[in-house]
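Working through the structure, step by step
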6 protein chains.
Amino acid sequence: MKRILVINPNSNQHVTDGLAASLEPLNIDGRAEIECMTLTEGPFGIETRHDMESVVLPLRRTVLKRDDADAYVIACYSDPGLALCREATRKPVYGIQESGLFSALQRGQRVGVVALGPKSIARHLPYIRALGLYDRLAAERPLHMSVEESEQPEAFPRIEAVARGLVEHDYADTLLLGCAGMAAHCKPLEAAIGVPVTDPTQAATAQALAAVLLD
Amino acid sequence: MKRILVINPNSNQHVTDGLAASLEPLNIDGRAEIECMTLTEGPFGIETRHDMESVVLPLRRTVLKRDDADAYVIACYSDPGLALCREATRKPVYGIQESGLFSALQRGQRVGVVALGPKSIARHLPYIRALGLYDRLAAERPLHMSVEESEQPEAFPRIEAVARGLVEHDYADTLLLGCAGMAAHCKPLEAAIGVPVTDPTQAATAQALAAVLLD
Amino acid sequence: MKRILVINPNSNQHVTDGLAASLEPLNIDGRAEIECMTLTEGPFGIETRHDMESVVLPLRRTVLKRDDADAYVIACYSDPGLALCREATRKPVYGIQESGLFSALQRGQRVGVVALGPKSIARHLPYIRALGLYDRLAAERPLHMSVEESEQPEAFPRIEAVARGLVEHDYADTLLLGCAGMAAHCKPLEAAIGVPVTDPTQAATAQALAAVLLD
Amino acid sequence: MKRILVINPNSNQHVTDGLAASLEPLNIDGRAEIECMTLTEGPFGIETRHDMESVVLPLRRTVLKRDDADAYVIACYSDPGLALCREATRKPVYGIQESGLFSALQRGQRVGVVALGPKSIARHLPYIRALGLYDRLAAERPLHMSVEESEQPEAFPRIEAVARGLVEHDYADTLLLGCAGMAAHCKPLEAAIGVPVTDPTQAATAQALAAVLLD
Amino acid sequence: MKRILVINPNSNQHVTDGLAASLEPLNIDGRAEIECMTLTEGPFGIETRHDMESVVLPLRRTVLKRDDADAYVIACYSDPGLALCREATRKPVYGIQESGLFSALQRGQRVGVVALGPKSIARHLPYIRALGLYDRLAAERPLHMSVEESEQPEAFPRIEAVARGLVEHDYADTLLLGCAGMAAHCKPLEAAIGVPVTDPTQAATAQALAAVLLD
Amino acid sequence: MKRILVINPNSNQHVTDGLAASLEPLNIDGRAEIECMTLTEGPFGIETRHDMESVVLPLRRTVLKRDDADAYVIACYSDPGLALCREATRKPVYGIQESGLFSALQRGQRVGVVALGPKSIARHLPYIRALGLYDRLAAERPLHMSVEESEQPEAFPRIEAVARGLVEHDYADTLLLGCAGMAAHCKPLEAAIGVPVTDPTQAATAQALAAVLLD
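Residues numbered from 1 in each chain as written. Chains lettered and ligands numbered in written order. Predicted model: local features only at pLDDT ≥ 70, side-chain atom pairs only at ≥ 80, totals over all residues. Heavy atoms only, no water.

1. Some points on the overall build of chain A
Helix and strand counts for chain A stand at 10 helices and 8 strands. Its C-alpha atoms give chain A a radius of gyration of 16 Å, within 12% of the compact-globule value 17 Å for 215 residues. For chain A, the spread of C-alpha atoms along the principal axes amounts to about 45 × 35 × 35 Å. For chain A, the proportion of its 215 residues judged to be buried stands at 67%. A fraction of 68% describes how many contacts in chain A between residues 6 or more apart in sequence connect residues 24 or more apart. Roughly 7,400 Å² of accessible area belongs to chain A as shown, and the carbon and sulfur atoms make up 52% of that amount. Here chain A carries 21 positive and 28 negative side-chain charges, and the mean point of each set is 5 Å from the other. (Helix = DSSP H or I, 4+ residues; strand = E, 2+ residues; numbered from the N terminus. Rg over C-alpha atoms; globule rule 2.2 N^0.38 Å. Buried < 20%, exposed > 50% of the residue type's maximum accessible area, 1.4 Å probe, protein only. Contact = heavy atoms within 4.5 Å. Areas by Shrake-Rupley, 256 points an atom, 1.4 Å probe, with all protein chains shown as cover. Lys, Arg positive; Asp, Glu negative; His and termini not counted. Charge placed at Lys NZ, Arg CZ, Asp CG, Glu CD.)

2. As for the interface of chain E and chain A
Bring the parts together and some accessible area is lost; that lost area is often taken as the interface size. Every contact between the two is made by 5 residues of chain E and, on the other side, 9 residues of chain A. Summed over both sides, the interface between chain E and chain A buries roughly 700 Å², with carbon and sulfur atoms accounting for 55% of that surface. Between chain E and chain A we count 4 residue pairs in polar contact (both at pLDDT 80 or more) in total. For the side of chain E that touches chain A, a count of residues per class yields 1 nonpolar, 1 polar and 3 charged. (Buried area = accessible area lost by both parts, 1.4 Å probe. Polar contact = N/O pair within 3.5 Å; in protein donor to acceptor, adjacent residues only side chain to side chain. Nonpolar A, V, L, I, M, F, W, Y, C, P; charged D, E, K, R; others polar.)

3. Describing the side chain of asparagine 10 of chain F
Within the fold, asparagine 10 of chain F resides in the loop between strand S1 (2-8) and helix H1 (13-23). There is a polar contact of 3.0 Å between the side chain of asparagine 10 of chain F and the backbone nitrogen of asparagine 12 of chain F.

4. With respect to the sheet that holds strand S6 (residues 137-142) of chain D
Residue and element names in this part refer to chain D. Read from one edge to the other, the open sheet built from 4 strands follows the order S6-S5-S7-S8, with strand pairing classed as parallel. Sheet topology places S6 and strand S8 (197-198) at the edges, where each strand pairs with a single neighbour. Here strand S5 (residues 111-115) runs beside strand S7 (residues 174-177); their pairing, made up of 4 bridges, is parallel. Note that in S7 the partner of valine 114 across the bridge is leucine 177. Contacting S5, S7 and S8, helix H5 (residues 96-104) runs over the sheet at an angle of about 165 degrees to S7. (Pairing = 2+ DSSP bridges. Axes fitted to C-alpha atoms, helices over the stretch in contact; angles between N-to-C directions.)

5. As for the domain arrangement of chain A
Residues and elements named next belong to chain A. Its domain assignment divides chain A into domain 1 (2-95 + 202-213) and domain 2 (98-200). Distance between the C-alpha centres of domain 1 and domain 2: 21 Å. Listed per partner, the contact involves 20 residues of domain 1 and 19 residues of domain 2. In this assembly, domain 1 packs against domain 2 so that about 1,500 Å² is buried in total across both faces, 46% of it on carbon and sulfur atoms. (Domains from an automatic or database assignment.)

6. Structural notes on unusual backbone geometry
The residue tyrosine 171 of chain A is not glycine, and still its phi comes out positive at about 60 degrees. Within the secondary structure, tyrosine 171 of chain A sits in the loop between helix H8 (156-168) and strand S7 (174-177). The exposure class of tyrosine 171 of chain A is buried, given its relative accessible area of 12%. One non-glycine residue with positive phi stands out, namely aspartate 79 of chain F, at about 50 degrees. Among the structural elements, aspartate 79 of chain F can be located in the loop between strand S3 (71-74) and helix H4 (82-88). Look at aspartate 79 of chain F and you get buried, because its relative accessible area is 6%.

7. Examining the environment of serine 146 of chain A
Residue and element names in this part refer to chain A. Position of serine 146 relative to the elements: it lies in the loop between strand S6 (137-142) and helix H7 (147-151). On the basis of relative accessibility, which here comes to 29%, the residue serine 146 falls in the partly exposed class. Between the alpha carbons of serine 146 and glutamate 47 there is a distance of 9.4 Å; along the sequence they are 99 residues apart.

8. What about the interface of chain B and chain A?
The interface is formed by 35 residues belonging to chain B together with 35 residues belonging to chain A. Here chain B meets chain A over a buried area of about 2,800 Å², counting both sides, of which 52% is carbon and sulfur. It is Phe102, Gln106 and Leu214 of chain B that lose the most area in chain B upon contact with chain A, and together they represent 25% of the buried surface on that side. At the boundary of chain B with chain A, the tally comes to 2 salt bridges. Note that aspartate 215 of chain B and lysine 187 of chain A form a salt bridge whose closest N and O atoms lie 3.8 Å from each other. Our count for the contact surface shared by chain B and chain A stands at 12 residue pairs in polar contact (both at pLDDT 80 or more). Elements that contribute at least two residues to the side of chain B that touches chain A include exactly strand S4 (93-95), helix H5 (96-104), helix H6 (118-131), helix H9 (186-193) and helix H10 (200-214) of chain B. It is H10 of chain B that contributes the most residues to the side of chain B that touches chain A, 7 residues altogether. Within the side of chain B that touches chain A, the residues separate by chemical class into 16 nonpolar, 9 polar and 10 charged. (Salt bridge = Lys/Arg side-chain N within 4 Å of Asp/Glu carboxyl O.)

Below, the structure is given as structure tokens:
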């Protein structure tokens, strides 16, 4: 029985519970179990780069301490500590922005990202360039919402409007949700817009699942 | 029960059997079944671009006819017909070069590809550029072997030598096997070299598995 | 006497006749003759990727069968079968999108493409990336017209408006017509806008002419 | 009767005569005439950047003065004054490096350039990046020869050796001669190596020919 | 005592005086002196490419003649003659667009450039691509002003509006003034917008100062 | 009197003393003072990514605590904590790899980096891609030395050999020392090789000096 540890780097247990629900289908009876944990040392929300950097060493310590796990997912769209955790263990470690972009780009040619706000877009763009995917980005467009707001059912109309703009004006043919908290909107959005929509945490956890099943 | 159809575009049943063996761990009891099929209209081996183009429309017909499947994998490293099959169905379709590169790049920063020969390298390079990943390629280096030779246990020493060169001279920190037939060398190579090694068919089928489990 | 075979991959003879008229000036008495032929196996119009893929093998067969020709032009802006036909013969084969972009970029620094609609733009963008020219594209903007509509004299005002936008808002300094059927608008558009305008079929046929004259 | 003015920016009449011979096939009886002229103000040879810059304003004056011509070719592989001359006239002006690269890339995916020496390679590389073609360059390799040496029949074995290395080690599938003086080696090299070889002055003059025929 | 020669390539002494004022803080008592000189052979204003090319050889002559200087700055945003002057002397030579971009990119991830007008933007974009910085440009937006207008205090509101748009709509997090004449707006703009603003002539002269102090 | 704080992130006081010596020329009497400090919380040497990440938050704390400084330099070639420190203060913060690359690229077109070993090269390459400068890198070549070894006078012959290879085989025309400890080799190397050589800590401190003088 293999174990995938999905680490929510903020200390908000509600977010962790949401992750567990959206990842439920990736539990494989008798073969692979997904455990979603809260990084209690983390800030309540990760909103600034300082928040992000503050979880880097705790994430590494968690990975080292939890050596009972067979693969790791860092469930924050900024992919904090990803390179460091990869050097700390030879087991696979996945980041949700990286996995989300790669998965979305296997469903289309140009990815459109539904982001929370302009500041997060400004943070993501250099990272996308570092990944080498800058020319495959249709655009990243803001909801002007907080994480909490974006999780609510009431957020759907605005998410749909932003997504439609990405397809119609920016020629995106595959969409990615730019935050760990929007999984519940994934399938309804796909139905409404008619192009594939990827949830990044599901994408990263699926990579982890593949790794442990093939190990 | 979901079904993933892995299509071997050549008509060599021995290759199909090898794929089935290497993908066995991705069958999930009661939830997802992998079926490896031989494209009987395909050439015995896909070695030229004409071979490759000759399977494009048959692959599309197969995808349309086999609408009992929930996801598709085209198991030829040239990714023939990938864009077309994606337009033929709203179900996900995966190509092994694309999936292999994306998976390998989640285990390191610069991917080294173990290729069969210079001609296949020449074909792959523009495709890698089209994918946007040209700057993340450490190098692609040739075995100077046929598909058949590369499958044999005797091929391992040469595969290991090429892989070591990719790591030591080209600074690759993650490796990808550049053909559908080398899966059996994957784990031994990883053990010998000490950096992650990705088998492309396993990578693509894992993507397909994730898609059907999350559907 | 050399012969250039311009193949219209759709089966619409009216389009072929239009090509012949626009290429008339490239016939060279006693030295090079341009023959425009209709691919009778082709669909009446090439509008989907399936249409496009369906002509790939017929185009190769045509090239092989018509070995009395000295050079070939594939007169569809999607450049179907270009790589394959190039491997089928050592004689030169030209695609109109590729030739059109290269020619336009010899008249300015940033090319603006007048396209039929958003779907064709979405298809062209990855190809432009594959050609390596992504950073030299000012923009590609849609007419929201069919091929037939774009050929009519009545289309000119809209073509002019889109072209003007490419120059004024996207800083294009050279323009390319993004379809085989707009050649008649080429010179009037250049006169109206004041920047060079390239017709892609003329550009490709001119490359073929140079090749046969220099052979 | 249209006139194409091919300007040799150095004052070596022997070079001009060689250009006229290699461009002879592009004269079209009664329709287009190619005139090769020597820029008498130019240095005897263009070897330094100062040589190159010293011909920029004289080239512009020549273009303005010779307004009886319908198109212009600047026959020095450094493309001196190309942007300036393009702003001085609305008639088309072509540079041989630019045209050579674009033509060669219509005969293959990755271009290998046979250059005179390391210094010229160092000058060309940033220009290729400016053209946007950096990722389509297989490599540029030096002959370690002067212009004069490269023109001689005795140079052929070394040219062939460098060309073969570009194909075999750098995976070039199309070759370009990196100097205005090697045209006589073009066809023999193509025969010896078996991949297309482009002479840059012929490529640029062919573009000019197309422009005047279509005007 | 080291000397930095800042050459204003146009013959407008008023501009030279403005440069001297804005560079005053970079004079270092007893160690480094900045001399701003007017290129009397230059046009009164550099507005066209011909203006720009016309100063290339005079700039080189000035650099050679003024060999009492220890470093040189070419104070025109088009960086005329930069490569040539660098080959004319082993002393360092700086161009203000190049230095300005590099300095601005040390204060943020994506640079926004406040340009005079669309024509200058069209000239700058290929140069930025040549520098390799195309993917780090947020955008370049026009004031629709002449050099003279942009220097006036009355220009500030429009400069501020353009700058704000670069930050808010184009996600620039660092700004660059796209002309040698806007230095007086630099600090007020930084105060108004809240992101770093770089004056390009100051940036280039600072590089020159570092070079002479470290020599 | 302005103060530039140069922070050596490792706790080796000997390294800090070396920095102070090499930066001595950038002290400006009565206007700007350079203070080199040792990060006592840092590891004795920064050799792994964990070492590097372990100084990120201490560097930020140091920047916040030392708000008497007017500009900051992080004197480790991996640029640890650069983005974070930039968000922690509105004063300018410089990283030596970033500044070194930008300065070196103002002395030539293609930069060659003399690195300590293959592992550091592997770490630098993605960062160079993130900076957008990948296509301007001639190559990065290893000394196969530790920091300590590279500082010694005995290291010079090997440094010279690697540097010569970068110029002769990789066509570098400007060189950068890839570590904070090689400053003493800078001028002798420039004299020996004949192309400009940049020391990264001097480059970053010069940027800081410019910023405080212009403030």
